[in-house]
Amino acid sequence: MKKLFVFAMLVVLAISCVAVEAKDLTIAFSQIGQESDWRTANTDSVNGTIEAHEGWTLVYDDAQQKQENQIKALRNFITQGVDYILFTGVVETGWDEVLKEVNEAEIPLILLDRMPSCADQIDYVAAFGGDFVKEGYRQVAWAGEYLKSLGRDGEDVQVVIMEGTTGSGAQVGRTEGNLAAMEQYPFLKLAAQQSGNFTRAEGQAVMESWLKSLDKIDVLIAQNDDMALGAIDAIKAAGLVPGKDIIIVGCDSVKAAFDAIVAGEMNCTVECTPLYGPTVESFIERIEAGEQFSKEIVHPEEFVYDMDGGIVLADNDGGSTTSIKAADVIDERQY
Ligand code: GYE
C-alpha cells in the first residue's frame, strides 16, 4: 500500500514537472488569403500543427490579398502581446515600418514563404520557404528538355508565361528563373507574359485572351497549378487538346495537378511544398530551447513530376534533377 502511495506521488510530481516546463505560447500567423490550393494546404498545415500542440494558442488572420489588412493584423498582434509572429507578405515591398514595430515590441518574428524585400534591415529568428528562382528555372528547363526529347528543338517554339501575383516574391523569383532558363534553350520564343494572379479564374481568363490574340501557343508555363488548371478549361473550350496541342507546365504539385497529369491533360508540375507546419513547430521548439538560427532562408527539398518520368534537367545552381512519373507517387501525395 505504501509503495503504491509513493508511486502515485511520483506520478503526480512527474506530471506537474512537465506542466511547469512546457511554456504556454500564443502564436500569431498573418496569412495572405486563400487564392490557391497551395495556400489552403499551407494554412491547414500551419494552423493544424499549432492548434494540436499542447499549450500553444493560435491567433490567425486571413488578409484576403490586401497588404493593408496584413499591416493591421501585425499591429493587432503587437497590441495583444503575442509570443511569436509568423509572417508571409502578399507582395515584397512596403513592410519596413510595420516589421520594425514588431522588432521594437521584441516579438520573435518567423518569416515564411514570400520574403519581404526589407529582410536585410529587420530582425527575425528564422526563415523558411520555397526557392522560387529554382522552381521557375526548373519549369522552363523541363519544357526545353522535353521538347528536345521529342526532336522539336529545331522549331521556333512559342511559349507563354502566366505569372503569379505581381510583385509577390513567388512571381518575382519564378519569373527570374523562367527567363534565365529561356536563355539556355534558344528555340523557346517568348510569345507573351502576363499575370493570372495565382487563381484558377484568372488563369482561365488570361488563357482565353491569349488564344484569341496569339497566332500560336506551343507551351504554357504557369507559375502555379491553379492557373494551369484554369487555362486547361480555356484550352478545351477553344477546341484544343491540353497536354498535346499545348504543353502545360505548372508549379506547386497539388493533387489536382497530379490528377490532370495522370489524365494526360497537363504535362509537368514543379514542386513547391506548402506543408510548413512541422518545420514551424520545430523552429519554435528549438528557439524556446535556446537555439539560434542564421538569417539564411531554409528551403525544403523539392522534386519535379510529369507524365513519364526520367527527364534530366539542369538546375540553376549547378545541380540537376530527374523528373518523377506522377502516376507512380500520386497515392502518397498529402496535398
Ligand atoms: O505557389 C501559389 C500561391 O507563395 C509559394 O502562392 C506561394 C505561392 C504558390 O498562391 O500557388
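The structure displayed is predicted, hence computed values, not measured ones.

### Some points on the packing of helix α5 (residues 132–149) against helix α6 (residues 169–184)
Helices that pack against each other are described as a pair by the angle of their axes relative to one another and the distance between those axes. Two numbers describe how α5 lies on α6: the axes approach to 6 Å, and their chain directions differ by 35 degrees. Crossing angle aside, the handedness with which α5 passes α6 is right-handed. When α5 is examined against α6, the residues Phe132, Val133, Lys134, Glu135, Gly136, Tyr137, Gln139, Val140, Ala141 and Gly144 are found in contact with a partner set consisting of Gly169, Ala170, Gly173, Arg174, Thr175, Glu176, Gly177, Asn178, Ala180, Ala181, Met182 and Gln184. Across the contact of α5 with α6, the residue classes tally to 9 nonpolar, 9 polar and 4 charged.

### Considerations on the pairing of strand β6 (residues 157–163)
With 6 of 7 residues buried, β6 lies mostly within the body of the structure. Where β6 and strand β7 (residues 188–195) come together, 7 bridges link them in parallel fashion. Residue pairing for β7: glutamine 158 is matched across the bridge by lysine 189. Strand direction decides the pairing type here: β6 and strand β8 (residues 219–222), joined by 4 bridges, are parallel. Residue pairing for β8: isoleucine 161 is matched across the bridge by isoleucine 221.

### Comments concerning the site of the ligand
Around the ligand, a shell composed of 14 residues is seen, among which Ser36, Trp38, Ala170, Phe198 and Asn224 lie nearest. Elements supplying a minimum of two residues to the shell around the ligand: α2 (37–52) and β9 (247–252). Counted by class, the shell around the ligand contains 5 nonpolar, 3 polar and 6 charged residues.

### Re the sheet that holds strand β14 (residues 324–325)
Read across the open sheet, the 7 strands follow the order β7-β6-β8-β9-β10-β11-β14; overall the sheet is mixed. Sheet topology places β7 and β14 at the edges, where each strand pairs with a single neighbour. Across the sheet, α5 lies against β6, β7, β8, β9, β10 (268–271) and β11 (304–306), angled at about 155 degrees from β9, the strand it touches most. Along the sheet, helix α7 (residues 200–213) contacts β6, β7 and β8; its crossing angle with β6, the most-contacted strand, is approximately 150 degrees.

### With respect to the environment of phenylalanine 87
Along the chain, phenylalanine 87 falls in strand β3 (residues 84–87). With 27 C-beta atoms counted inside 10 Å, the residue phenylalanine 87 sits in the buried group. Apart from residues lying up to four places away in sequence, phenylalanine 87 is in contact with Ser30, Leu109, Leu111 and Leu112.

### Considerations on the sheet that holds strand β4 (residues 109–112)
Read from one edge to the other, the open sheet built from 5 strands follows the order β2-β1-β3-β4-β5, with strand pairing classed as parallel. The sheet terminates laterally at β2 (56–62) and β5 (126–128), the two strands that pair on one side only. Recorded for the sheet is a direction-independent mean angle of 15 degrees between the axes of neighbouring strands. Pairing of β3 with β4 involves 3 bridges; the strand directions are parallel. Considered in β4, the bridge of leucine 86 is made with isoleucine 110. Across the sheet, helix α3 (residues 67–80) touches β1 (25–31), β2 and β3, and the angle it forms with β1 is around 170 degrees.

### Quick notes on the domain arrangement of the protein chain
Once the domains are mapped, the protein chain shows domain 1 (13–124 + 275–288) and domain 2 (132–271 + 303–332). Computed over C-alpha atoms, the centres of domain 1 and domain 2 are 32 Å apart. Contacts between domain 1 and domain 2 engage 10 residues on the former and 14 residues on the latter. Tallied by class, the residues present in the side of domain 1 that touches domain 2 amount to 4 nonpolar, 2 polar and 4 charged.

### A few points about the nonpolar core
Formed by 55 residues in total, the largest nonpolar core has its most connected members in Ala143, Leu220, Ile221, Ala228, Ala231 and Ile248. Looking at this core, the element that brings in the most residues is α5, giving 9 residues. Not counting residues within four places of it along the chain, the set of residues in contact with alanine 143 comprises Leu188, Val219, Ile221, Ile247 and Val249. Formed by 33 residues, the second largest nonpolar core is a distinct cluster that contains Ile110, Leu112, Val280 and Phe283.

### Concerning unusual backbone geometry
With the exception of glycine, the majority of residues adopt a negative phi angle, and the majority of peptide bonds are in the trans configuration. In this structure, glutamate 106 is a non-glycine residue whose phi angle is positive, near 55 degrees. Structurally, the position occupied by glutamate 106 is in the loop between α4 (96–104) and β4. Judged by local crowding, glutamate 106 falls into the exposed class, with 9 C-beta atoms found within 10 Å. We note that phenylalanine 198 has phi near 65 degrees; this positive angle belongs to a residue other than glycine. Here phenylalanine 198 is to be found in the loop between β7 and α7.

### Section: the environment of asparagine 178
The topology assignment puts asparagine 178 in helix α6. Overall, the presence of 27 C-beta atoms within 10 Å leaves asparagine 178 in the buried class. Between the alpha carbons of asparagine 178 and arginine 138 there is a distance of 7.7 Å; along the sequence they are 40 residues apart. Those residues in contact with asparagine 178, other than ones at most four positions away along the chain, are Gly136, Gln139, Val140, Ile161 and Ile221.

### Concerning α3
Helix length check: α3, at 14 residues, gives a terminal C-alpha distance of 20 Å against a target of 20 Å (1.5 Å per residue), a fit within 8%. Turning to α3, its buried residues number three or more, namely Gln70, Ala73, Leu74 and Phe77. Burial along α3 is one-sided: seen end-on, the buried residues are contained in an arc of 100 degrees. Away from its buried face, by an angle of more than 90 degrees, α3 presents the exposed residues Glu68 and Thr79. The inward-facing, buried residues of α3 abut β1, β2, β3 and α4.

Conventions adopted
Residues numbered from 1 in each chain as written. Predicted model: local features only at pLDDT ≥ 70, side-chain atom pairs only at ≥ 80, totals over all residues. Axes fitted to C-alpha atoms, helices over the stretch in contact; angles between N-to-C directions. Helix = DSSP H or I, 4+ residues; strand = E, 2+ residues; numbered from the N terminus. Left-handed = near helix turned anticlockwise from the far one by under 90°. Contact = placed C-beta atoms within 7 Å. Nonpolar A, V, L, I, M, F, W, Y, C, P; charged D, E, K, R; others polar. Buried ≥ 20, exposed ≤ 12 C-beta atoms within 10 Å, placed from the backbone. Pairing = 2+ DSSP bridges. Near = placed C-beta within 6 Å. Domains from an automatic or database assignment. Core = buried A, V, L, I, M, F, W, Y, C linked by C-beta atoms within 7 Å. Expected span 1.5 Å × (residues − 1). Arc of directions from axis to C-beta.

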